[in-house]
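Observations on the three-dimensional arrangement
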Amino acid sequence: MDYSKFYLKNYEPEKEVSDENERVIFPQIESHKQPEIIYINPDGEEFDPADKNKLISDFGYPLKEDNDADVDKEKYGLADADEHEIPVSRPEINDKADKKQSFAARFCQAVLIFAIIVMTLIVSADFISDGKAIAAIADLANGNVEKYYAVLCNPKDNMDNVEIDAYAMRLKGGAGFAVKNGEKYYIVYDVYRNLSDAEDYVKENGGEILTLERDNYDDVEGELKNYTDYPHKTVKELGDVLEELTSKKITTSEAIEKLKDVRENFAVTYENMNGVAATDNDEASLRLLANASVAMSALDYLLDLTVSRPNLACDIRYTMCRILFVYYYSK
(Lines give C-alpha, C1' and ligand atoms only; values in the text may rest on other atoms or scores of the structure.)
Protein backbone atom coordinates (compact mmCIF):
# COMPACT_ATOMS: atom_id res chain seq x y z
CA MET A 1 0.00 0.00 0.00
CA ASP A 2 1.44 3.39 -1.05
CA TYR A 3 1.50 6.02 1.78
CA SER A 4 3.69 8.54 -0.01
CA LYS A 5 0.92 11.09 -0.42
CA PHE A 6 0.59 11.25 3.33
CA TYR A 7 4.24 12.13 3.94
CA LEU A 8 4.84 15.30 5.98
CA LYS A 9 6.73 17.01 3.13
CA ASN A 10 3.63 16.97 1.03
CA TYR A 11 1.53 18.68 3.68
CA GLU A 12 0.46 22.24 2.99
CA PRO A 13 -1.73 23.96 5.59
CA GLU A 14 -4.85 25.84 4.46
CA LYS A 15 -4.72 29.66 4.45
CA GLU A 16 -7.03 31.35 6.82
CA VAL A 17 -9.23 34.14 5.48
CA SER A 18 -9.86 36.76 8.12
CA ASP A 19 -12.49 38.70 6.21
CA GLU A 20 -15.12 37.15 4.05
CA ASN A 21 -15.03 40.23 1.76
CA GLU A 22 -11.40 39.58 0.90
CA ARG A 23 -12.26 36.26 -0.64
CA VAL A 24 -12.10 36.68 -4.43
CA ILE A 25 -13.78 34.18 -6.59
CA PHE A 26 -13.01 34.37 -10.30
CA PRO A 27 -15.75 33.09 -12.51
CA GLN A 28 -14.83 30.50 -14.99
CA ILE A 29 -15.55 31.53 -18.54
CA GLU A 30 -16.07 28.90 -21.04
CA SER A 31 -13.88 29.61 -24.03
CA HIS A 32 -16.47 28.59 -26.54
CA LYS A 33 -18.99 31.27 -25.41
CA GLN A 34 -18.92 34.96 -26.60
CA PRO A 35 -20.26 37.95 -24.61
CA GLU A 36 -23.69 39.17 -25.67
CA ILE A 37 -23.81 42.60 -27.36
CA ILE A 38 -26.94 44.69 -27.00
CA TYR A 39 -27.60 47.51 -29.50
CA ILE A 40 -29.31 50.62 -28.10
CA ASN A 41 -30.26 53.66 -30.20
CA PRO A 42 -29.97 57.31 -28.97
CA ASP A 43 -33.54 57.09 -27.57
CA GLY A 44 -32.55 54.24 -25.25
CA GLU A 45 -34.44 51.56 -27.14
CA GLU A 46 -32.99 48.21 -28.09
CA PHE A 47 -32.89 47.40 -31.77
CA ASP A 48 -31.69 44.69 -34.06
CA PRO A 49 -28.78 45.85 -36.24
CA ALA A 50 -30.09 43.57 -38.95
CA ASP A 51 -33.13 45.83 -39.27
CA LYS A 52 -31.82 48.49 -41.65
CA ASN A 53 -34.76 50.84 -41.15
CA LYS A 54 -33.67 51.35 -37.52
CA LEU A 55 -30.09 52.36 -38.25
CA ILE A 56 -30.14 56.02 -37.22
CA SER A 57 -27.58 58.40 -38.64
CA ASP A 58 -26.37 61.71 -37.19
CA PHE A 59 -28.90 63.51 -39.39
CA GLY A 60 -31.96 61.69 -38.05
CA TYR A 61 -32.83 59.35 -40.92
CA PRO A 62 -31.71 55.82 -41.88
CA LEU A 63 -28.39 55.49 -43.66
CA LYS A 64 -28.55 53.80 -47.02
CA GLU A 65 -26.31 50.75 -46.93
CA ASP A 66 -27.30 49.21 -50.24
CA ASN A 67 -29.68 49.70 -53.11
CA ASP A 68 -32.32 47.46 -51.48
CA ALA A 69 -32.68 49.56 -48.30
CA ASP A 70 -36.23 50.76 -47.89
CA VAL A 71 -36.12 54.33 -46.54
CA ASP A 72 -39.35 56.00 -45.55
CA LYS A 73 -38.66 59.37 -47.27
CA GLU A 74 -42.02 60.91 -46.38
CA LYS A 75 -41.40 60.23 -42.70
CA TYR A 76 -38.06 62.02 -42.78
CA GLY A 77 -39.01 64.86 -45.11
CA LEU A 78 -37.04 63.48 -48.06
CA ALA A 79 -39.90 62.77 -50.46
CA ASP A 80 -38.51 65.18 -53.08
CA ALA A 81 -34.84 64.53 -52.40
CA ASP A 82 -32.56 62.70 -54.77
CA GLU A 83 -31.23 59.43 -53.40
CA HIS A 84 -27.71 60.51 -54.21
CA GLU A 85 -28.06 63.78 -52.30
CA ILE A 86 -28.54 62.28 -48.83
CA PRO A 87 -25.85 63.99 -46.74
CA VAL A 88 -23.37 61.86 -44.86
CA SER A 89 -21.34 63.09 -41.91
CA ARG A 90 -17.66 63.20 -42.83
CA PRO A 91 -15.24 63.95 -39.97
CA GLU A 92 -12.51 65.34 -42.24
CA ILE A 93 -14.91 67.90 -43.77
CA ASN A 94 -16.16 68.94 -40.34
CA ASP A 95 -12.57 69.46 -39.17
CA LYS A 96 -11.87 71.79 -42.10
CA ALA A 97 -15.06 73.75 -41.43
CA ASP A 98 -14.12 74.08 -37.75
CA LYS A 99 -10.66 75.37 -38.71
CA LYS A 100 -12.17 77.96 -41.09
CA GLN A 101 -14.60 79.13 -38.42
CA SER A 102 -11.79 79.32 -35.87
CA PHE A 103 -9.62 81.41 -38.22
CA ALA A 104 -12.54 83.74 -39.03
CA ALA A 105 -13.25 84.20 -35.32
CA ARG A 106 -9.62 85.03 -34.57
CA PHE A 107 -9.49 87.46 -37.49
CA CYS A 108 -12.65 89.26 -36.32
CA GLN A 109 -11.25 89.48 -32.81
CA ALA A 110 -7.99 90.96 -34.11
CA VAL A 111 -9.86 93.56 -36.18
CA LEU A 112 -12.05 94.47 -33.21
CA ILE A 113 -9.05 94.87 -30.90
CA PHE A 114 -7.26 97.01 -33.49
CA ALA A 115 -10.34 99.23 -33.90
CA ILE A 116 -10.64 99.66 -30.13
CA ILE A 117 -6.97 100.64 -29.86
CA VAL A 118 -7.24 103.17 -32.70
CA MET A 119 -10.41 104.71 -31.27
CA THR A 120 -8.81 104.91 -27.83
CA LEU A 121 -5.80 106.73 -29.25
CA ILE A 122 -8.02 109.14 -31.20
CA VAL A 123 -10.19 109.93 -28.19
CA SER A 124 -7.12 110.40 -26.00
CA ALA A 125 -5.49 112.70 -28.55
CA ASP A 126 -8.74 114.65 -28.92
CA PHE A 127 -8.99 115.06 -25.13
CA ILE A 128 -5.37 116.23 -24.85
CA SER A 129 -5.72 118.62 -27.81
CA ASP A 130 -9.01 120.00 -26.48
CA GLY A 131 -11.11 118.70 -29.35
CA LYS A 132 -8.77 119.60 -32.20
CA ALA A 133 -7.71 116.07 -33.15
CA ILE A 134 -11.13 114.88 -34.31
CA ALA A 135 -11.70 118.19 -36.09
CA ALA A 136 -8.45 117.67 -38.02
CA ILE A 137 -9.49 114.12 -38.94
CA ALA A 138 -12.83 115.43 -40.17
CA ASP A 139 -11.02 117.93 -42.37
CA LEU A 140 -8.95 115.12 -43.89
CA ALA A 141 -12.10 113.09 -44.51
CA ASN A 142 -13.53 115.98 -46.49
CA GLY A 143 -10.60 115.88 -48.89
CA ASN A 144 -9.53 119.26 -50.26
CA VAL A 145 -12.63 121.09 -49.02
CA GLU A 146 -11.45 123.78 -46.61
CA LYS A 147 -13.85 124.86 -43.89
CA TYR A 148 -13.82 127.91 -41.67
CA TYR A 149 -16.16 128.82 -38.87
CA ALA A 150 -17.13 132.46 -38.45
CA VAL A 151 -18.58 133.69 -35.16
CA LEU A 152 -21.44 136.12 -35.84
CA CYS A 153 -22.53 138.56 -33.12
CA ASN A 154 -25.06 141.36 -32.53
CA PRO A 155 -27.78 140.59 -35.08
CA LYS A 156 -29.52 143.69 -36.46
CA ASP A 157 -32.50 144.24 -38.72
CA ASN A 158 -30.70 146.97 -40.66
CA MET A 159 -27.28 148.59 -41.04
CA ASP A 160 -28.07 151.68 -38.93
CA ASN A 161 -26.19 150.64 -35.80
CA VAL A 162 -23.78 148.13 -37.33
CA GLU A 163 -20.85 150.57 -37.61
CA ILE A 164 -21.12 151.56 -33.95
CA ASP A 165 -21.18 147.94 -32.80
CA ALA A 166 -18.34 147.05 -35.15
CA TYR A 167 -16.06 149.75 -33.74
CA ALA A 168 -16.91 148.70 -30.19
CA MET A 169 -15.93 145.12 -31.04
CA ARG A 170 -12.66 146.23 -32.64
CA LEU A 171 -11.71 148.00 -29.42
CA LYS A 172 -11.87 144.56 -27.75
CA GLY A 173 -9.69 142.96 -30.45
CA GLY A 174 -12.49 141.51 -32.59
CA ALA A 175 -12.62 141.78 -36.38
CA GLY A 176 -15.74 143.97 -36.51
CA PHE A 177 -16.43 142.77 -40.05
CA ALA A 178 -20.08 143.39 -41.07
CA VAL A 179 -21.95 140.73 -43.04
CA LYS A 180 -25.54 139.92 -43.94
CA ASN A 181 -26.74 136.38 -43.30
CA GLY A 182 -30.34 135.71 -44.23
CA GLU A 183 -32.48 138.68 -43.20
CA LYS A 184 -30.14 139.84 -40.44
CA TYR A 185 -26.95 141.89 -40.30
CA TYR A 186 -24.12 140.64 -38.12
CA ILE A 187 -20.66 141.59 -36.96
CA VAL A 188 -17.98 138.92 -37.26
CA TYR A 189 -15.71 138.54 -34.26
CA ASP A 190 -13.28 136.05 -35.86
CA VAL A 191 -12.96 133.04 -38.17
CA TYR A 192 -11.64 129.72 -36.87
CA ARG A 193 -10.22 126.62 -38.51
CA ASN A 194 -11.58 124.36 -35.77
CA LEU A 195 -15.26 124.16 -34.88
CA SER A 196 -14.44 123.51 -31.23
CA ASP A 197 -12.65 126.88 -30.96
CA ALA A 198 -15.67 128.68 -32.39
CA GLU A 199 -17.99 126.80 -30.03
CA ASP A 200 -15.84 127.73 -27.02
CA TYR A 201 -16.12 131.42 -27.87
CA VAL A 202 -19.90 131.20 -28.38
CA LYS A 203 -20.36 129.43 -25.02
CA GLU A 204 -18.52 132.20 -23.19
CA ASN A 205 -19.61 135.26 -25.15
CA GLY A 206 -22.68 134.29 -27.16
CA GLY A 207 -23.20 134.51 -30.90
CA GLU A 208 -23.84 132.21 -33.85
CA ILE A 209 -21.54 130.08 -36.00
CA LEU A 210 -21.50 130.35 -39.80
CA THR A 211 -19.63 127.66 -41.74
CA LEU A 212 -17.67 128.82 -44.78
CA GLU A 213 -17.32 125.88 -47.17
CA ARG A 214 -18.56 126.95 -50.57
CA ASP A 215 -16.48 126.29 -53.65
CA ASN A 216 -17.12 128.59 -56.61
CA TYR A 217 -14.02 127.72 -58.61
CA ASP A 218 -14.63 124.25 -60.03
CA ASP A 219 -14.99 125.74 -63.49
CA VAL A 220 -11.56 127.41 -63.50
CA GLU A 221 -9.37 125.85 -66.20
CA GLY A 222 -5.73 125.89 -67.24
CA GLU A 223 -2.78 126.45 -64.93
CA LEU A 224 -4.76 128.97 -62.92
CA LYS A 225 -6.68 126.04 -61.42
CA ASN A 226 -3.58 125.30 -59.33
CA TYR A 227 -4.13 128.59 -57.48
CA THR A 228 -7.81 128.22 -56.58
CA ASP A 229 -6.87 127.63 -52.94
CA TYR A 230 -4.74 130.77 -52.70
CA PRO A 231 -6.24 132.18 -49.45
CA HIS A 232 -5.71 129.11 -47.25
CA LYS A 233 -1.96 129.42 -46.79
CA THR A 234 -2.17 133.20 -46.31
CA VAL A 235 -4.96 132.99 -43.73
CA LYS A 236 -3.05 130.30 -41.83
CA GLU A 237 0.04 132.48 -41.71
CA LEU A 238 -2.03 135.42 -40.47
CA GLY A 239 -3.60 133.21 -37.81
CA ASP A 240 -0.17 132.06 -36.59
CA VAL A 241 0.98 135.67 -36.17
CA LEU A 242 -2.27 136.53 -34.38
CA GLU A 243 -1.87 133.62 -31.95
CA GLU A 244 1.68 134.66 -31.05
CA LEU A 245 0.62 138.29 -30.64
CA THR A 246 -2.42 137.63 -28.42
CA SER A 247 -0.48 135.13 -26.26
CA LYS A 248 2.26 137.79 -25.89
CA LYS A 249 4.93 135.56 -27.35
CA ILE A 250 5.93 138.44 -29.64
CA THR A 251 5.59 142.20 -29.47
CA THR A 252 3.60 144.37 -31.85
CA SER A 253 6.78 145.38 -33.70
CA GLU A 254 7.79 141.74 -34.15
CA ALA A 255 4.28 140.91 -35.35
CA ILE A 256 4.50 143.62 -38.01
CA GLU A 257 7.76 142.15 -39.30
CA LYS A 258 6.14 138.73 -39.58
CA LEU A 259 3.15 140.25 -41.36
CA LYS A 260 5.51 141.73 -43.94
CA ASP A 261 6.75 138.21 -44.71
CA VAL A 262 3.16 137.05 -45.14
CA ARG A 263 2.50 139.89 -47.55
CA GLU A 264 5.61 139.16 -49.61
CA ASN A 265 4.75 135.45 -49.85
CA PHE A 266 1.32 136.21 -51.19
CA ALA A 267 2.68 138.86 -53.57
CA VAL A 268 4.68 136.12 -55.29
CA THR A 269 1.55 133.95 -55.56
CA TYR A 270 -0.49 136.83 -56.92
CA GLU A 271 2.13 137.64 -59.54
CA ASN A 272 2.21 134.01 -60.67
CA MET A 273 -1.58 133.96 -60.94
CA ASN A 274 -1.55 136.98 -63.23
CA GLY A 275 1.21 135.42 -65.33
CA VAL A 276 -0.54 132.10 -66.02
CA ALA A 277 -3.93 133.79 -66.59
CA ALA A 278 -2.71 136.34 -69.13
CA THR A 279 -4.66 134.65 -71.92
CA ASP A 280 -7.61 133.42 -69.83
CA ASN A 281 -10.68 135.59 -70.31
CA ASP A 282 -13.36 133.24 -69.02
CA GLU A 283 -15.62 134.44 -66.24
CA ALA A 284 -14.36 132.00 -63.58
CA SER A 285 -10.71 132.97 -64.10
CA LEU A 286 -11.49 136.68 -63.99
CA ARG A 287 -13.49 136.24 -60.79
CA LEU A 288 -10.65 134.33 -59.13
CA LEU A 289 -8.13 137.00 -60.08
CA ALA A 290 -10.43 139.77 -58.83
CA ASN A 291 -10.78 138.08 -55.46
CA ALA A 292 -7.02 137.61 -55.23
CA SER A 293 -6.54 141.32 -55.88
CA VAL A 294 -8.87 142.07 -52.93
CA ALA A 295 -6.65 139.88 -50.74
CA MET A 296 -3.56 141.71 -51.95
CA SER A 297 -5.07 145.12 -51.14
CA ALA A 298 -6.19 143.86 -47.71
CA LEU A 299 -2.62 142.88 -46.86
CA ASP A 300 -1.32 146.23 -48.09
CA TYR A 301 -3.83 148.03 -45.88
CA LEU A 302 -2.87 145.89 -42.89
CA LEU A 303 0.76 147.04 -43.20
CA ASP A 304 -0.07 150.71 -43.75
CA LEU A 305 1.42 152.22 -40.61
CA THR A 306 -0.17 155.60 -41.30
CA VAL A 307 -3.61 154.23 -40.59
CA SER A 308 -4.96 154.79 -37.07
CA ARG A 309 -6.27 151.53 -35.64
CA PRO A 310 -7.47 150.48 -32.15
CA ASN A 311 -5.02 147.55 -32.05
CA LEU A 312 -3.16 145.26 -34.43
CA ALA A 313 -5.07 142.11 -33.40
CA CYS A 314 -8.42 143.48 -34.60
CA ASP A 315 -6.93 144.43 -37.98
CA ILE A 316 -5.41 140.95 -38.45
CA ARG A 317 -8.81 139.39 -37.77
CA TYR A 318 -10.50 141.92 -40.08
CA THR A 319 -8.04 141.07 -42.89
CA MET A 320 -8.68 137.33 -42.49
CA CYS A 321 -12.45 137.92 -42.69
CA ARG A 322 -12.12 140.13 -45.76
CA ILE A 323 -10.03 137.56 -47.64
CA LEU A 324 -12.25 134.59 -46.76
CA PHE A 325 -15.71 136.13 -47.20
CA VAL A 326 -14.79 137.57 -50.60
CA TYR A 327 -13.31 134.21 -51.62
CA TYR A 328 -16.32 132.10 -50.53
CA TYR A 329 -19.22 134.41 -51.34
CA SER A 330 -18.27 136.15 -54.57
CA LYS A 331 -20.18 135.11 -57.70
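Turning to the packing of aromatic side chains, a few remarks are in order. In total, this model carries nine aromatic pairs according to the counting rule given. Ring centres 5.3 Å apart and planes at 70° place the aromatic pair Phe177 and Tyr318 in the edge-to-face group. Pair noted here: Phe177 is in strand β2 (residues 177–181) and Tyr318 is in helix α8 (residues 312–329), with a separation of 141 residues, a long-range link. Residue Phe177 is classed as buried on the basis of its relative accessible area of 12%. Ring centres of Tyr230 and Phe266 lie 5.9 Å apart, and the angle between their planes is 45°; this geometry places the pair in the tilted category. Of the two residues, Tyr230 sits in helix α5 (residues 230–246) while Phe266 sits in helix α6 (residues 252–276), which places them 36 residues apart along the sequence. Look at Tyr230 and you get buried, because its relative accessible area is 5%. When its relative accessible area of 2% is taken as the criterion, Phe266 is described as buried. Ring pairing ties together the aromatic residues Tyr148, Tyr230, Phe266, Tyr270, Tyr327 and Tyr328, which thus form one cluster.

With that out of the way, let us pick up unusual backbone geometry. The phi torsion at Asn154 lies on the positive side, around 50°, for a residue other than glycine. Within the chain, Lys248 stands out as a residue other than glycine whose phi angle is a positive 60°. Turning to its location among the elements, Lys248 is positioned in the loop between α5 and α6. For Lys248, a relative accessible area of 76% translates into the label exposed.

Rules and cut-offs
Residues numbered from 1 in each chain as written. Predicted model: local features only at pLDDT ≥ 70, side-chain atom pairs only at ≥ 80, totals over all residues. Heavy atoms only, no water. Phe/Tyr/Trp six-rings, centres within 6.5 Å; stacked < 30°, edge-to-face > 60°. Helix = DSSP H or I, 4+ residues; strand = E, 2+ residues; numbered from the N terminus. Buried < 20%, exposed > 50% of the residue type's maximum accessible area, 1.4 Å probe, protein only.

Geometric values such as these leave the question of function open.
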